[in-house]
Amino acid sequence: MGAEKPARGGNIQRAAAAELSLKRPKPKFRDVWPEIKELVKPRKWLLVGSFCLMLVNRACSLVLPASFKPLTDEVFIKHHMAILPEVVGAVLLATILQGITSYSLTQLLSTAGQRLIAELRTKVQAHVGRLPVSYYDENRTGALVARIMSDVEGVRNIIGTGIVDFVGGVLTAILAFAYLLMQSVPMTIVTGVIMTIFALLVQRAFKTIRPIFRERAKLNAEVTGRLTESLGGVRVVKGYHAEESESRVFAGGVEKLLNNVISSLTAQSLMTLSSTVIMGVVGAVVMWMGAHANAAGKLTPGGYFSYVMFLAFMTAPLIQLVNIGTQLTEAMAGLDRTREVLSEIEEDANAAQHHALGPIVGEVKFNHVNFSYVDDKPVLHDINFESKPGTVTALVGSSGSGKSTIISLVCGFHFANEGSVTVDGHDLATVKLSSYRGQLGVVLQETFLFDGTIRENVVFSRPDATEEQFLEACRIARVDEFAERFEDGYQTIVGERGVKLSGGQRQRLSIARAILADPRILILDEATSSLDSESEAMIQQGLNYLMRGRTTFVIAHRLSTIRKADQILVVEQGRIVERGTHDELFAMQGRYYDLYTRQHGLETNLFLAPGEGDTVTA
Ligand SMILES: Nc1ncnc2c1ncn2[C@@H]1O[C@H](COP(=O)(O)OP(=O)(O)OP(=O)(O)O)[C@@H](O)[C@H]1O
């Protein structure tokens, strides 16, 4: 059993992810092929249709160069005017068909490409949402945003115009090459050799450019991530007058990005330069050899012009391939990173976590739990306690002692390395987390609010709540008192992270949210900040209601909560050093007594452990 648990799995997952990223420094076409196949499969017929259109399009494009031979040899030189209408008619018809097919291709493929981006974004976001908390601990928000929004952008080139243009280009080149061979074998062999060298150069250039693109996406994510953080933390930035240093950090990131773009631009312009030179060389060779072939009576003037035109038709797609190749390279790099994210194991995908919980009563037990975030750095040691259904367990202790970690284990964010955490007798490591989390409610110190309305923020925990249930929750949590005073009532926008509300209002809102969720197990991380006594009283009333009949875990700071707790666990350096009720612990005159009496003189209703708040040791 033990070996299957996701806690160990968590470390294994991390190691596997690290190993995977080491193993895949560069995406190869065959690596991303399964993904491409998956994307292409539902759009098979669209692509088949597009290829047919492409065939017509490319065949039509060859009519014009082919017309040069009869036009020059028959019409211009021999004045056979009878064939002129046929030649002109064929050219006109072919051009019109070419135009129509080009238009349809762009329409069909661009729409399909954009739709694909939307689908892929939704898929990646949903997957990221289902990943374990440990994944978020290790990845920056900005990087995740880039994974979801930018990385999938490039794939439009795979389904979109990129791949069809690519194949179309190759097809035209082959057709043109066959025609050239029919006209003059020696001239075609010489130009063929030069073109092959060019193609090899292009391939090398792709190899150089690919890592630059990978690096660019990484830099982009870093710069965007830092920018998001500094904009989000504007109050701290301004409070410390750190605008300039933030600007410097940003400028540094932008500079790196610029250098990256410039290095890829250099490679791209080198490719353009070499393609121009190659065209010149091929042109000169053809001119030289064509003139000699004409003098020897082996090539008519019409044959020569038509040859030159076909050559141009063969070279143009080759040069176009440089562009499309770059786009495809970019798309593959993006797809590779997307695949990396999609290959992360979702919380509920762990085979060991198969047990779907029905409604629970909320009996939580820690059985000799040891836990570490990082190997060899244990955070919890032999944690052993039981919380009976409907009771309050308060956790107190110094900062960094492991209180939040215990709560994380109750929430199933992390799992015990040794021992087990059980809910109603079921080991959380074997439980389908989606069936458990629906019965869990959290009210955290850092209230998490969206930039939406008060209503949206409350019903977030239960989107299908009725109007009565919503209003009842707001009334119990005393949200009604301030919400109804706003001009827009419950439709008032709270601002990013709730900046337009006071600390107390934010807390009341998050209590309403938890009341509406009606959880069996409640997690409370009380705010340490002093609130005025009126707010405090209101919040306490809401909390009292909320805690009633639920198994509550609270990182407690308010004495009222602690006094009322059925058991208090005093945590120090990852161990429970004392346990009991307030009266029992107080009478013991141990660590709890110490913490309590030291702080009591400073705060009347606030219990601050050492290291928390602005405490002065008495
Ligand atoms: N995601 C993490 N990765 C690695 N170590 C962590 C992580 N979260 C916490 N820790 C470490 O685990 C230890 C316990 O932290 P925890 O947050 O549980 O303490 P706490 O008692 O809740 O502290 P506070 O009261 O200050 O919030 C600390 O040493 C901390 O550095």
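Everything discussed here concerns the structure shown above.
Residues numbered from 1 in each chain as written. Predicted model: local features only at pLDDT ≥ 70, side-chain atom pairs only at ≥ 80, totals over all residues.

**Q** Provide a residue-level description of the overall build of the protein chain, including the pertinent values.
**A** When helices and strands are tallied, the protein chain shows 23 helices and 10 strands. Here the protein chain holds 618 residues, and the buried ones make up 35% of them. Residue pairs at least 24 apart in sequence account for 80% of intrachain contacts in the protein chain once pairs closer than 6 positions are excluded. (Helix = DSSP H or I, 4+ residues; strand = E, 2+ residues; numbered from the N terminus. Buried ≥ 20, exposed ≤ 12 C-beta atoms within 10 Å, placed from the backbone. Contact = placed C-beta atoms within 7 Å.)

**Q** Give me the lowdown on the pairing of strand β3 (residues 392-397), citing residues and values where you can.
**A** Counting buried residues along β3, 6 of its 6 residues qualify, which places the element largely inside the surrounding structure. Judged by which residues are buried, β3 turns out to be covered on both faces: V392, A394 and V396 on one side and T393, L395 and G397 on the other are all buried. Bridge count for β3 against strand β8 (residues 551-555) is 4 bridges, and the pairing is parallel. Bridge pairing in β8 links V392 to T552. Pairing between β3 and strand β9 (residues 567-572): 5 bridges, direction parallel. Among the inter-strand pairings, G397 is bridged to a residue of β9, identified as V571. (Pairing = 2+ DSSP bridges.)

**Q** Would you mind going over the nonpolar core in detail, with residue names and values included?
**A** In terms of nonpolar packing, the biggest core is built from 68 residues, with A394, L395, V396, V458, I511, A512 and I568 touching the most fellow members. The element best represented in this core is helix α19 (residues 503-517), accounting for 7 residues. Not counting the four nearest positions on each side in its chain, A394 is found in contact with V554, A556, T561, I562, A565 and I568. Among the nonpolar cores identified, the runner-up in size contains 27 residues, and V32, M54, I209 and F213 belong to it. (Core = buried A, V, L, I, M, F, W, Y, C linked by C-beta atoms within 7 Å.)

**Q** Just give me the short version of the packing of helix α5 (residues 84-129) against helix α7 (residues 141-149), but keep the residues and values in it.
**A** Where α5 meets α7, the closest approach of the two axes is 8 Å, and the angle between their N-to-C directions is 145 degrees. In this structure, α5 contributes R121, V124, Q125 and V128 to the contact, and α7 contributes L144, R147, I148 and M149. Across the contact of α5 with α7, the residue classes tally to 5 nonpolar, 1 polar and 2 charged. (Axes fitted to C-alpha atoms, helices over the stretch in contact; angles between N-to-C directions. Nonpolar A, V, L, I, M, F, W, Y, C, P; charged D, E, K, R; others polar.)

**Q** Let's hear about the packing of helix α10 (residues 185-232) against helix α12 (residues 243-295): which residues, and what values?
**A** Between α10 and α12, whose axes approach to 9 Å, the crossing angle comes to 170 degrees. On the basis of the axis angle, α10 is roughly antiparallel to α12. Partitioning the contact of α10 with α12 into residue classes produces 28 nonpolar, 11 polar and 6 charged. (Parallel < 35°, antiparallel > 145°, perpendicular 65-115°, else oblique.)

**Q** Before we move on, could you go through the site of the ligand and cite the residues and values that matter?
**A** For the ligand, the set of nearby residues contains 13 residues, the closest of which are Y373, S399, K403, S404 and T405. Examining the composition of the shell around the ligand, we find that 3 residues originate from one element, helix α14 (residues 403-411), more than from any other. (Near = placed C-beta within 6 Å.)

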